[in-house]
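These are the residues of each chain, in order.
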Amino acid sequence: MGESRAVTVNQPTEDKTIDITVVINGKEQHLQTEPTKRLVDILRNDLDLTGTKISCGIGRCGACSVMINGNLINSCLVMAYQVDQASITTIEGIVREEGLDPIQTAFLEEGGFQCGYCTPGMVMAVKSLLADTPNPTEEQIKTALSGNLCRCTGYGGIIRAVQRVIEEGTYL
Amino acid sequence: MQRDQLVYKNRNRVRPDGKAKVTGSLKYLTDLSFPNMLYGKILRSAYPHAKILSININDAEKLPGVKAVITHKDIPGLNGFGIISPDQPVLCEDRVRYVGDAIAAVAAETIEIAEKALQLIKVEYEQLPILDDPEIALEPHAPQLHENGNLLHQAGYQKGDVDEGFVRSLVVIEETYQVPRQMHTYMETEGGVIVPEANGALSVYVGTQHGYKDRFQLSRILGKPEEDIRIISSPMGGSFGGKDELNIQPYGAILALKTACPVKIHQTRKESVISGLKRHPMRITMKTGVDKDGKILAHKVDILADTGAYSTLGPAILDFAVEHATGPYMVPNVKTEGLSVFTNNGVAGEFRGFGGNQITFALEGQIDRLAEKLNIDSIELRRRNIRKVDDVGPLGHRIAPTNGASDVLEAISNHMKIKRNELNNLNLDKFKVRGIGTAITMHGGGLGQGRLDPAGGRLSLNKDGKIEIAFGFEEAGQGILGVIETIVTEELGCSTDDLSIIIGDTALVPSSGSTTASRGTSMVWHAVKRMKDVFERKLLDQASKHTGISVNELQLSSGGVSKLANDKSFSLVMSYLELAEHMNKSKQSSIVTTNFDFPTTPDDVDGGHFLYTFGSVLAQVEIDLLTGKVKVIDLDQSISAGPIVSMKGYTGQIEGGGVMALGYTLMEEALMVEGKYITENLDAYLIPSISDVPFAMMTEAIESLHDGDPYGPRGVGEIGTVAVAPAIAKAIHDAIGYWVSRLPVSSEEILQAASHRRMKQWAKVEQ
Amino acid sequence: MKEAWEIMNSISSDVSYISGGTLMQLQREQGTPLPENLISLEKIESLRGIKKVVSNGKTMLEIGALTTLADCCSDPLINQEWDLLSISAKSVASPAVRNRGTLGGNVSYRIGDTIPSLLALDAEITWFDGTETYKEPLYDYLKNPPAPAFGNTPVITSFLLPETPVSTKLMSFYQKVGRRESFIPSLVTASAYCCWNSYNEIDYIRLAVGGGANAPIRLKRCERFLKGKVITEEILALVYEEIIDEFKPDSDMFVSASYRKTVVANLIVSKLEDNLAESP
């Protein structure tokens, strides 16, 4: 955040595009894009990173959750110009070299998903929670996941998955 | 009770599609893209009811980047769809009947261009009076929405003489229950890609719950033979009944054929809300009479369902509600009448529970009110009326013998004692009160008597040496893949690595009927049972021929065919790949197929079911006396549905179904005013978040079936949603002494009711 | 800031300032197209951050308008002394949205759910009109929004929270009621800050309420009524009526005005009741 100034953003009325540089899952990418294009569309349509899902488009379901500079963000609420120079982690970026992230393993083994459409966003939200709070209370779990809707599980399997990761202490 | 009860050893296994889901690598059909793909958008009606005077697409067609604009003129075949009666226009020509009616569709290079093109389509309307309530639609001079008027369907059931029953009754309760329009809210909205293939064929990558039915419907619309249409319908990001009917497929198909390019349509949430199916809002009036011992003598039921603008499965849903109007109780005198009525509201159709949820809320509400009046414990009142093992079903028809009703009632009765004791020892904030309630239900599986309900499957050893099991089912999240894997590996003795499961693609699978009505698990089990012996025999015969070992000493096992040694150990004699190569060479077919119908009642009772599942629910609520808010503290269920095939799948269905019903009870309503949606996205249409659910829920499975029951595991896709609302309503009454009869429960109503019982002078209700 | 203003003036029409942009994306999806021109304030560092400042000899907490709601939730200074703000910020949207949404954005929304807590904390607001920065109580700002200069809306630059009054007996609360437990637009919001003197009389009180599409207000008449009073059962009953009389919210599709009045009165009076004077 070097510069401290106002930026004018022009909508693509004619063929106005901007160049942005982003690090996505550790890889630097230079993109030419309309400035107001939603990040979720860049990820899904331009970069084929379809693990990030789209469901409500207004930040009310969490299916499009990604991490921007370490913070959990709804990628449907962020525009291209706003992520210039940012570092973005999507669900595709959290698999570790040795295999699944312990959160993913816990979701698998505790039945933290059914249709799976909310799962990438949910996993990102859990990751964001445990990165800050490795041993969260029930209230903290609820707060952290309150923006991620799941229609299948009733959250039972998700809660058990989070509790399992906490018990295993892999994020401590 | 069945002694040697079936227990699947592998029922705790992780489901086969899991890893791809937790890593985000699974490609849903709305994630697909193809070279030269265009984006489609659909223009929906500006009004709930209007004449279309003209449609002008000239400007839209001229917009750079637009490749095709279609209207009713572009439909090659029938301009209509609907699973039973195709009365919904694909593209309206002269009239719109609800805000989801489609008038035109566009294919363009980008979504933005397609959106802009929609704005350039000029439609002249002449507005017509809006029928936004079934009672208004039934008035004699109401405008007629369809050729045969506004009454879609009338259904009823009569037994004995209710009037005489009421005369003999000591207590009679009459109440009207109102239930809302619930949205499925599958997280993945409708969509996919339709790809034109060589020779005019079409591949349709769009989720649905019955690929073959979509193929049939599309064939009719496109005027194209079914063989030229391939439906790839799996996986889906949820459906819950909502994607069983056609949604965006016809528009994508016509646009793809017209442009000769793949066309992707993925509805936004707002588009989905406006055009998608909903659960039927119903007004149910019940009058129920009991004698002094609590024996129900008469039960009179009137159902008025708002089916919206088109029929889809409206008639079947009303039939189901009529059937389940007496639930698991034996009632001598019954008169049930139901009307399903066309209006200019959103189209109501199939939704998990299928009319059972609405009717059970009313029925269980009646039982609880009667128990209060009689001063009998409400569980005891149920016990006095409950069906026994060999009793007939609710339409007087024979059903598979089952003690499920009593089993779940007694289970929840025991659970109630524990919870009541806990609650009695709890200290609460002075402005909070708690209450506990229970409810039970029975729910029919399959489509019912007189409805085509075929199932089938195919088992083979493919050329790669995999045991290939193919079904026409779809994976919407419910876990059918896990169910197939467990049943096939356990029944055949092979391992998961030996297995190749194919579903959801009409080019590759046999017809299995629809992935609905809690029938999947049941049908897989029946199909595998039917195919297993023949398939085993075929493989072992060939293995025997090849190895010279007698068939009696061989068996299918993990990795291939094994020989049973004297010390009872096994040794692999031939891998499945070797066997496949051998059979290929000797031109021996390994394919086994089966076709059969879902078991139905032998009695000629239209719609009557044969296999029922049973559920009981305990809900504990906490009511905030300052705000009227109701919070669910416990939501525990006991289920009787035969042996568990997949533990996580089973628990997940019950917990997930329970929470979906919690939403139905406390917050969900797709609100419409004068035919227009007020709740257009997930900021206003609320589904439960993690903060709204009990942190731990109990699912108790009663796995035993009646002695000698040959029908195996039943599906549990719906049962967990059915009896939740009445349990919560009873819990609210337990807390504040007020009966809720309208869903979703209004905090305002609760606050008023609670304040009448308040101690504080300052807390009287503002008038 | 000056630069933003100049850009704003150089563009004649269809222009808006934007920071986090969460609300604008919501409106975009609802069918309101984005303005042709957006002026992003997001990178103006001077509009960000939380620090103690001395103004007119008084120590105050200055919160930049671009401070995210997430920072308002977690900041130790806010949590220590001005926790009504962190409680209210936590009630807004979800963690992911709070990472983007700003306090300035929530207030400029006019019905943002943090506003009652800021009113209860006696917050001041500063804003920039192109040439000068102005400061005034948030209460006055909301009551009489500054007239657009040169046809443009002034930019909120910061909030100032005075040190909260200290007393041996005090009560403060913020509560939001919605149709769901979390991530929900409010039906009703209420916040209060109240101190008692050694005679058990209320000597300082702020009551602020809002909810739904109702712009949050302070219940000044009720405040005046309560000031100097000892809380008795009788006073509780009177103030209950007083609140219902003073608060005039609208009904909407989900609840009636009457519900809003009743809940606000219930919430405030129940908290006051906890501080009932011992019977003589």
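As the structure is a prediction and not an experimental result, all values here were calculated from the model.

**Student:** Would you take a moment to explain the overall build of chain A for this structure?
**Tutor:** When helices and strands are tallied, chain A shows five helices and six strands. Over its C-alpha trace chain A gives a radius of gyration of 17 Å, about what one expects of a compact globule, namely 16 Å for 172 residues. A sequence separation of at least 24 residues applies to 56% of the contacts in chain A between residues at least 6 apart. Looking at chain A as shown, the accessible area adds up to about 6100 Å², and 42% of this sits on carbon and sulfur atoms. In chain A, 14 side chains carry a positive charge and 21 a negative one; their mean positions are 6 Å apart.

**Student:** Sorry if this is basic, but what is going on with the overall build of chain B here?
**Tutor:** From N to C terminus, chain B includes 19 helices and 28 strands. Here the C-alpha atoms of chain B give a radius of gyration of 27 Å, agreeing with the 27 Å that 2.2 N^0.38 yields for 767 residues. By principal-axis analysis of the C-alpha atoms, chain B measures approximately 90 × 80 × 50 Å. A burial count over chain B gives 67% of its 767 residues as buried. Partitioning the contacts of chain B with sequence separation of at least 6, the portion at a separation of at least 24 is 80%. Element-wise, carbon and sulfur atoms account for 48% of the exposed surface of chain B, whose accessible area totals about 26600 Å².

**Student:** So what exactly am I meant to see when it comes to the interface of chain B and chain A here?
**Tutor:** One frequently used descriptor of interface size is the decrease in accessible area upon assembly of the parts. Facing 52 residues of chain B, the contacting portion of chain A comprises 47 residues. Contact between chain B and chain A buries roughly 4000 Å² in total, counting both sides, with carbon and sulfur atoms accounting for 60%. Of the charged contacts in the structure, one is a salt bridge between Arg151 of chain A and Glu668 of chain B, with a shortest N-O distance of 2.7 Å. In this assembly, chain B and chain A are joined by 23 residue pairs in polar contact (both at pLDDT 80 or more). Counting residues per element, the side of chain B that touches chain A draws most heavily on helix H16 (residues 647-666) of chain B, which supplies eight residues. Each residue belonging to the side of chain B that touches chain A can be placed in one class, and the counts come to 21 nonpolar, 19 polar and 12 charged.

**Student:** Explain the UniProt feature "domain: Aldehyde oxidase/xanthine dehydrogenase a/b hammerhead" (unreviewed entry) in chain B here, please?
**Tutor:** Per the UniProt entry, the sites bearing "domain: Aldehyde oxidase/xanthine dehydrogenase a/b hammerhead" (unreviewed entry) are residues 23-129 of chain B in this numbering. Helix makes up 14% of residues 23-129 of chain B and strand 32%, and the two end C-alpha atoms of the span are 51 Å apart.

**Student:** What am I meant to see in the packing of H16 of chain B against helix H18 (residues 724-736) of chain B here?
**Tutor:** Think of two packed helices as two axes; the pair is described by the angle between the axes and how far apart they sit. Residue and element names in this part refer to chain B. Put simply, H16 and H18 touch, their axes get as near as 8 Å, and they point 55° apart. It follows from the interaxial angle that H16 and H18 lie oblique. H18 is crossed by H16, and the crossing has right-handed handedness. Contacts from Gly658, Ala661, Leu662, Thr665 and Leu666 of H16 reach H18 at Val724, Ala725 and Ile728.

**Student:** Before we go on, may I ask you to explain the pairing of strand E1 (residues 15-18) of chain C in this structure?
**Tutor:** Looking down a regular strand, the side chains alternate between one sheet face and the other. Looking at chain direction, E1 of chain C and strand E2 (residues 37-40) of chain C are connected through four bridges and run parallel. Note on E2 of chain C: the bridge partner recorded for Tyr17 of chain C is Ile39 of chain C.

**Student:** Quick question: what am I supposed to make of the domain arrangement of chain B here?
**Tutor:** Residue and element names in this part refer to chain B. According to the domain assignment, chain B contains domain 1 (18-22 + 454-597), domain 2 (32-128 + 184-275) and domain 3 (349-444 + 608-761). For domain 2 versus domain 3, the distance between C-alpha centres works out to 38 Å. Across the boundary between the two partners, domain 2 contributes 14 residues, which contact 15 residues of domain 3. Buried surface at the junction of domain 2 and domain 3, both sides included, amounts to about 1300 Å², of which 63% is carbon and sulfur. Per-residue buried area on domain 2 facing domain 3 is highest for Thr185, Phe240 and Val273; these three make up 35% of the total on that side.

**Student:** Even after reading the chapter, I still don't get the sheet that holds strand E1 (residues 38-44) of chain B, so can you show me in this structure?
**Tutor:** In any sheet, the strands associate via hydrogen bonds between backbone groups, in a parallel or an antiparallel arrangement. Residue and element names in this part refer to chain B. Within the open sheet, the seven strands sit side by side as E3-E5-E1-E12-E9-E10-E11. Their pairing is mixed. Each edge of the open sheet carries a strand with a single partner, namely strand E3 (66-70) and strand E11 (229-232). Strand-to-strand, the axes of this sheet are offset by a mean angle of 20°, without reference to chain direction. The sheet contact formed by E3 and strand E5 (residues 102-108) spans four bridges and is antiparallel. Paired with Val66 across the strands is Ala108, a residue of E5.

**Student:** Would you take a moment to explain the domain arrangement of chain A for this structure?
**Tutor:** All names here are of chain A. Split by domain assignment, chain A resolves into domain 1 (18-93) and domain 2 (102-168). Computed from C-alpha coordinates alone, the two centres of domain 1 and domain 2 are separated by 21 Å. In this complex, domain 1 contributes 15 residues to the contact, which on the side of domain 2 involves 12 residues. Linking domain 1 with domain 2 are zero salt bridges, by the criterion used here.

**Student:** How do you make sense of the sheet that holds strand E16 (residues 432-444) of chain B when you look at a structure like this?
**Tutor:** Residue and element names in this part refer to chain B. Read across the sheet, four strands follow the order E16-E24-E25-E28 without closing on themselves; strand pairing throughout is mixed. At either end of the open sheet lies a strand with only one pairing partner, and these are E16 and strand E28 (699-702). Between one strand axis and the next, the sheet turns through 15° on average, direction left out of account. Here 13 bridges tie E16 to strand E24 (residues 612-624), and the two strands are oriented antiparallel to one another. Looking at E24, one finds that Thr438 is bridged to Leu618. With respect to the sheet, helix H12 (residues 404-424) is in contact with E16, E24, strand E25 (630-640) and E28, its orientation differing from that of E24 by roughly 20°.

**Student:** Any chance you could explain the packing of aromatic side chains here in plain terms?
**Tutor:** The relation between two aromatic rings is expressed through the spacing of the ring centres and the mutual angle of the planes. One pass over the full model with this rule turns up 11 aromatic pairs over all chains. Measuring from centroid to centroid gives 6.3 Å for Trp127 of chain C and Tyr141 of chain C, while their planes differ by 55°, and the two rings are tilted. In this pair, Trp127 of chain C is assigned in strand E5 (residues 124-128) and Tyr141 of chain C in helix H9 (residues 138-143), connecting sequence segments 14 residues apart. There is no split in this pair, since Trp127 of chain C and Tyr141 of chain C are both buried. Linked through ring pairs, Trp127, Tyr134 and Tyr141 of chain C together constitute an aromatic cluster. Above the ring of Phe351 of chain B, the side-chain terminus of Arg279 of chain B is found at 4.0 Å from the ring centroid. It is Lys229 of chain C that lies over the ring of Phe225 of chain C; its NZ or CZ is 4.3 Å from the centre.

**Student:** I keep staring at helix H1 (residues 39-46) of chain A and nothing clicks. Help me out?
**Tutor:** Note on helix geometry: an α-helix contains 3.6 residues per turn, so any two residues three or four positions apart are oriented the same way. Here H1 of chain A lies mainly inside the structure; six of its eight residues are buried. Those residues of H1 of chain A lying buried are Leu39, Val40, Asp41, Ile42, Leu43 and Arg44 of chain A. Tucked into the core, H1 of chain A has its buried residues touching strand E2 (18-24), strand E3 (27-33), strand E4 (65-68) and strand E6 (87-89) of chain A together with strand E12 (263-266) of chain B. Looking one or two places after H1 of chain A, you find Asp48 of chain A, whose phi comes out positive at around 55°.

Definitions and cut-offs
- Counting restarts for each chain, with residues numbered from 1 along the sequence as it is written.
- Chains and ligands are labelled by the order in which they are written, letters from A for the one and numbers from 1 for the other.
- Where local features are concerned, this predicted model is filtered to residues with pLDDT of at least 70; where side-chain atom pairs are given and counted, the filter is 80 or more; whole-chain, interface and lining totals use all residues.
- In computing side-chain properties, one takes all heavy atoms of the structure into account and sets aside hydrogens as well as water.
- Helix numbering and strand numbering both begin at the N terminus, where a helix is a DSSP run of H or I of at least 4 residues and a strand a DSSP run of E of at least 2.
- Throughout, radius of gyration means the C-alpha value; the globule benchmark is 2.2 Å times the number of residues raised to the power 0.38.
- Any two residues whose heavy atoms approach within 4.5 Å are treated as being in contact.
- Here the accessible surface of atoms and residues is derived via Shrake-Rupley with a 1.4 Å probe, and residues count as covered only by protein chains that are part of the display.
- Here Asp and Glu are counted as negative and Lys and Arg as positive; His is not counted, and neither are the chain ends.
- A charged residue contributes its charge at one atom only: NZ of Lys, CZ of Arg, CG of Asp or CD of Glu.
- We call a residue buried when its accessible area falls under 20% of the maximum for its residue type, exposed when it is over 50%, and partly exposed in between, using a 1.4 Å probe and counting protein chains only.
- Two parts placed together each lose some accessible area under a 1.4 Å probe, and adding up what both lose gives the buried area.
- Salt bridges are defined as contacts in which a side-chain nitrogen from Lys or Arg sits within 4 Å of a carboxyl oxygen from Asp or Glu.
- Pairs of N or O atoms within 3.5 Å make up the polar contacts considered here, provided that, within protein, one atom can donate a hydrogen while the other can accept it, and that residues adjacent in sequence are counted only when both atoms are side-chain atoms.
- Each residue gets one of three labels, nonpolar for Ala, Val, Leu, Ile, Met, Phe, Trp, Tyr, Cys and Pro, charged for Asp, Glu, Lys and Arg, and polar for the others, Gly among them.
- UniProt positions are given in the numbering used here, feature names are shortened, and annotations may be inferred rather than shown by experiment.
- Here the axes come from fitting lines to C-alpha atoms, over the contacting stretch only for helices, and the angles between their N-to-C directions go from 0 to 180 degrees.
- Angles are sorted into four bins: roughly parallel if under 35 degrees, roughly antiparallel if over 145, roughly perpendicular if 65 to 115, and oblique for all others.
- For a crossing to be left-handed, the near helix must be turned anticlockwise from the far one by less than a right angle; the clockwise case is right-handed.
- When DSSP finds two or more bridges between two strands, those strands count as paired.
- In this entry, domain limits derive from an automatic or database-based domain assignment.
- Only Phe, Tyr and Trp rings take part, Trp by its six-membered ring, and two of them pair if their centres are within 6.5 Å. Stacked means planes under 30 degrees apart, edge-to-face means over 60, and tilted covers everything else.
- Counting as a charge over the ring demands two things of the Lys NZ or Arg CZ atom: a distance within 6 Å of the ring centre and an angle within 35 degrees of the ring normal.

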